[in-house]
Amino acid sequence: MQRIKTFKTLSRAASAAAFLSVQALICIGTVYWALAETLGLSAMAALVLGGIFAVPTIFVLITATRMAFDAETDPANQ
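Computed from a predicted model, the values in this text were never measured in an experiment.

Reading the values: the criteria
- Residues numbered from 1 in each chain as written.
- Predicted model: local features only at pLDDT ≥ 70, side-chain atom pairs only at ≥ 80, totals over all residues.
- Heavy atoms only, no water.
- Salt bridge = Lys/Arg side-chain N within 4 Å of Asp/Glu carboxyl O.
- Helix = DSSP H or I, 4+ residues; strand = E, 2+ residues; numbered from the N terminus.
- Buried < 20%, exposed > 50% of the residue type's maximum accessible area, 1.4 Å probe, protein only.
- UniProt positions renumbered as here; feature names shortened; annotations may be inferred.
- Lys, Arg positive; Asp, Glu negative; His and termini not counted.
- Contact = heavy atoms within 4.5 Å.

**Focus on the pattern of salt bridges**
So, step 1. Applying the stated criterion across every chain yields a total of one salt bridge.
So, step 2. For D70, the salt bridge goes to R3, with nearest N and O atoms at 3.8 Å. Placement of D70 in helix α2 (residues 43-73) and of R3 in the segment before α1 (7-39) is noted, with a sequence separation of 67 residues between them.
So, step 3. Of the residues examined, D70 reaches a relative accessible area of 37% and is grouped as partly exposed.

**Comments concerning the UniProt feature "transmembrane region" (unreviewed entry) in the chain**
So, step 1. Mapped onto the present numbering, the UniProt feature "transmembrane region" (unreviewed entry) falls at residues 12-35 and 41-62.
So, step 2. Taken end to end, residues 12-35 has its terminal C-alpha atoms 35 Å apart, with 100% of it in helix and 0% in strand.

**With respect to the side chain of D74**
So, step 1. For D74, the location among the structural elements is in the segment after α2.
So, step 2. It is R3 that comes nearest to the buried, bridge-free D74 among opposite-charge side chains, at 4.2 Å.
So, step 3. For D74, the residues in contact, after removing those within four places along its chain, are M1 and R3.

Dropping the structure here:
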């Protein structure tokens, strides 16, 4: 099955990916902030926690982008 890759479908995929990514970043950032403040972490410990949070955050963003691209370019959805 051939994916439909026009300006319209790609711009919709980019918009959906941006929306999902912003929502994910807000949720993950809120959890990070709440955890860092609850534990009263120093600046260095907060940076380490941020690095730990970065790996699953990147995975979520890549997954959201792939899902948006697959959904918007699928011929069944057109």
